[in-house]
Amino acid sequence: MEESDVENKENREKILSCVDFYDIWRRCSSISSQFHRYYQYGEFSPCIREKKNFKSCLWYKVSKTPELKAELIAETKEIDDFLNFVHKPSSSVWEFRENPAADWLKKE
């Protein structure tokens, strides 16, 4: 595989499949997610954005319009960014030490 082929694959714009958008919408509208949202925020989620993304994906499969493509690419990037933020390892938060702190066994 040539270097240009690898670059083209990396630069290719990623869009989630319609099944993935459907799964996100169904997960949002599930009873457990709705009760969790109600417990946390005091209101249920209408999941309008998730449903819109799913419908946009279906319309894009039929029409192939550049506007829908750009919208789906942006939504996919936002979802990926969110998942990468949520699933960061703790090593990005905590500084690794070889030995305990100097005042670890200090008695007061």
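A few points on the structure. (Residues numbered from 1 in each chain as written. Predicted model: local features only at pLDDT ≥ 70, side-chain atom pairs only at ≥ 80, totals over all residues. Heavy atoms only, no water.)

Here we take up the environment of Arg37. Along the polypeptide, Arg37 turns up in helix α3 (residues 31-41). For Arg37, a relative accessible area of 28% puts it in the partly exposed group. Sequence-distant contacts of Arg37, that is, excluding residues within four places in its chain, are made with Gly42, Glu43, Phe44 and Ser45. (Helix = DSSP H or I, 4+ residues; strand = E, 2+ residues; numbered from the N terminus. Buried < 20%, exposed > 50% of the residue type's maximum accessible area, 1.4 Å probe, protein only. Contact = heavy atoms within 4.5 Å.)

What the rule picks out here adds up to two disulfides. The side chain of Cys18 participates in a disulfide bridge whose partner is Cys57; the two sulfur atoms lie 2.1 Å from each other. With the S-S bond torsion at -95°, the cross-link from Cys18 to Cys57 turns out left-handed. Taken together, the residues span a long stretch of sequence, with Cys18 in helix α2 (residues 18-29) and Cys57 in helix α4 (residues 48-63) at a distance of 39 residues. Comparing Cys18 with Cys57, the two get one shared label, buried. One disulfide in the model links Cys28 with Cys47; its S-S distance is 2.0 Å. When the S-S torsion is -90°, as for the bridge of Cys28 with Cys47, the disulfide is left-handed. Of this pair, Cys28 sits in helix α2 while Cys47 sits in the loop between α3 and α4, placing them 19 residues apart in sequence. For the pair formed by Cys28 and Cys47, the shared burial category is buried. With its disulfide-bonded cysteines labelled consecutively along the sequence, the protein is connected as 1-4, 2-3. (Disulfide = S-S within 2.5 Å.)

With that settled, the discussion passes to the packing of aromatic side chains. For the structure shown, the criterion picks out five aromatic pairs. Taken together, a centroid distance of 6.3 Å and an interplanar angle of 70° make the contact between Phe35 and Phe44 edge-to-face. Residue class for Phe44 comes out partly exposed when judged on its relative accessible area of 46%. Between Tyr38 and Phe44 the ring centres are 4.8 Å apart and the planes differ by 20°, which places this aromatic pair in the stacked class. Through a chain of ring-to-ring contacts, three or more aromatic side chains come together here, namely Tyr22, Trp25 and Phe54. Stacked on the ring of Trp25, the Lys or Arg Arg26 has its end atom at 5.7 Å from the ring centre. (Phe/Tyr/Trp six-rings, centres within 6.5 Å; stacked < 30°, edge-to-face > 60°. Lys NZ or Arg CZ within 6 Å of the ring centre and 35° of its normal.)

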